[in-house]
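Examining the three-dimensional arrangement
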Amino acid sequence: MPSSALARALRAYVRHAPGTVGKARLVDRFLDEHLRTHPVHTAVRLRSGDVVTVTTSDVIQRYQYLFGEWEPNLSAFLRDRLQPEDTFIDVGAHRGAFSLLASRAVGPHGRVVAIEPSPQFHDDLCAAATANHRTNIRTVRSAASDTSGTLTLYLEDPANLGHTSAVRPRHVHAAFEVSTAPLTDLVSQAELAATRIIKIDVEGAEAAAVRGLLPALTHLRDDAELVVEVTPRLLAKQGERVADIIDSLREHGYHVYTITNDYDPATYPRTMRRPQLPVRCTETPKDLTDLVFSRTDADHLTIGR
């Protein structure tokens with residue numbers, strides 16, 4: 001059997017067969033590397049029910065092709081939290097994986113504000129929203145910061161399009177300028193008042209994005225929660241610290257939790273069946289970490305009603 005046909009057959013087993021037997025090994029030993037080096041360009045249906053185009057040389061799109069989802073623990077958390085008529089603010093929406101998921105969860109009377117500065121990713125996001133008739137998504141082409149102006153973003157690795165950062169890497173594959181503005185200028189007061197979750201994933205610019213949000217925190221619902229991906233290495237290159245982000249939000253009454261974000265594709269089959277709970281953060285993260293900020297004070301945040 002040709003390798004491409006074998007890959008399609010094994011992918012079908014990983015994606016659709018019940019249980020997890022053998023799936024981690026298939027992904028780890030063959031599928032992940034094969035799909036990276038022999039990219040497939042196709043349309044796939046996500047677990048949210050939406051259909052998106054993917055090219056499997058990119059890691060996010062490859063995982064969507066294999067599993068129908070990106071970051072299963074965070075996806076499960078969002079599905080649990082978001083209810084009809086809520087608002088979800090997606091800062092660093094990329095091609096819309098979480099915006100599409102949230103759009104389904106909040107329903108036709110809810111809202112999604114998808115903020116993405118990259119022209120190509122913003123176009124892909126708009127195309128996905130249109131193709132899937134997601135009329136409750138409002139897209140904003142801008143970077144979230146603490147000031148209004150312009151910023152240069154850099155792409156180092158075309159096989160990891162999600163890692164587009166304001167921190168210049170050693171090797172630059174592409175660079176482009178984008179506009180910046182505080183979140184309070186990008187999101188209306190009505191949208192903020194209805195917001196249940198704000199997700200911030202901006203590859204090293206999270207300190208500035210949080211500072212731009214601070215004036216609006218008092219206008220959020222009591223049950224509003226923030227999910228912030230922190231990147232200590234990139235923050236340090238700009239003279240920023242994860243501890244300062246945590247402290248500024250603690251001062252506004254938020255408790256901090258970690259949510260497991262494992263990029264190893266072999267972990268996906270089991271994680272998608274049994275998502276892990278966000279647990280109290282007891283130490284300042286030293287590596288890339290997803291943090292959940294909540295006014296709930298507990299050892300862990302429950303998932304599943």
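Here, every reference points to the structure presented above.
First things first, this report covers the structure right here in the doc. Keep in mind it's a predicted model, so treat the numbers as computed, not measured. (Residues numbered from 1 in each chain as written. Predicted model: local features only at pLDDT ≥ 70, side-chain atom pairs only at ≥ 80, totals over all residues. Heavy atoms only, no water.)

What follows concerns the sheet that holds strand β9 (residues 174-182). Strands sit in the order β6-β9-β7-β8 across an open sheet of four strands; the sheet is mixed. Of all strands in the sheet, those bounded by a partner on one side alone are β6 (143-145) and β8 (164-165). Pairing geometry for β6 and β9, over three bridges, is parallel. Note on β9: the bridge partner recorded for A143 is T180. (Pairing = 2+ DSSP bridges. Helix = DSSP H or I, 4+ residues; strand = E, 2+ residues; numbered from the N terminus.)

Before going further, it helps to examine the pattern of salt bridges. Enumeration over the complete set of coordinates arrives at 19 salt bridges. Measuring nitrogen to oxygen at the nearest pair gives 3.2 Å for the salt bridge that ties E69 to R47. Residue E69 is located in the loop between α3 (59-67) and α4 (72-81), and its partner R47 is located in the loop between β1 (41-45) and β2 (51-55); the two are separated by 22 residues in the primary sequence. For E69, a relative accessible area of 4% translates into the label buried. Taking the shortest distance from any N to any O, the salt bridge between D146 and R211 comes out at 2.9 Å. Of this pair, D146 sits in the loop between β6 and β7 (149-155) while R211 sits in helix α9 (residues 206-213); the two residues are 65 residues apart in sequence, bridging distant segments of the chain. Its relative accessible area of 31% is what places D146 among the partly exposed residues. According to the relative accessible area criterion, R211 is partly exposed, its value standing at 35%. One network of salt bridges, with partners in common, ties together D80, R81, D86, R196, R221, D223 and E225. (Salt bridge = Lys/Arg side-chain N within 4 Å of Asp/Glu carboxyl O. Buried < 20%, exposed > 50% of the residue type's maximum accessible area, 1.4 Å probe, protein only.)

The next point concerns the environment of D157. In this fold, D157 is placed in the loop between β7 and β8. Between the alpha carbons of D157 and H171 there is a distance of 8.5 Å; along the sequence they are 14 residues apart.

Before going further, it helps to examine the nonpolar core. Formed by 43 residues in total, the largest nonpolar core has its most connected members in F67, F77, L78, L82 and F88. With sequence-adjacent residues up to four places away left out, L78 is seen in contact with F88, F98, L101 and I197. Ranked by size, the runner-up nonpolar core spans 37 residues in total, among them V91, L213, L217 and I246. (Core = buried A, V, L, I, M, F, W, Y, C linked by side-chain atoms within 4.5 Å. Contact = heavy atoms within 4.5 Å.)

With that settled, consider the environment of S148. The topology assignment puts S148 in the loop between β6 and β7. The exposure class assigned to S148 is exposed, which follows from its relative accessible area of 55%. In this structure the C-alpha to C-alpha distance between S148 and R62, which are 86 residues apart in sequence, comes to 35 Å. In contact with S148, other than residues within four places in its own chain, are T180, A181, P182 and D185.

With that settled, the discussion passes to the sheet that holds strand β11 (residues 225-230). Read across the open sheet, the eight strands follow the order β5-β4-β3-β10-β11-β14-β12-β13; overall the sheet is mixed. With one partner strand each, in any of the chains shown, β5 (137-140) and β13 (279-280) form the two edges of the open sheet. Contacts from helix α5 (residues 97-106) reach β3 (87-91), β4 (111-115), β5 and β10 (195-200) within the one sheet, and its direction differs from that of β4 by about 170 degrees. Its contacts with the sheet put helix α11 (residues 242-250) on β11, β12 (255-259) and β14 (289-294), and the angle it makes with β14 is roughly 15 degrees. (Axes fitted to C-alpha atoms, helices over the stretch in contact; angles between N-to-C directions.)

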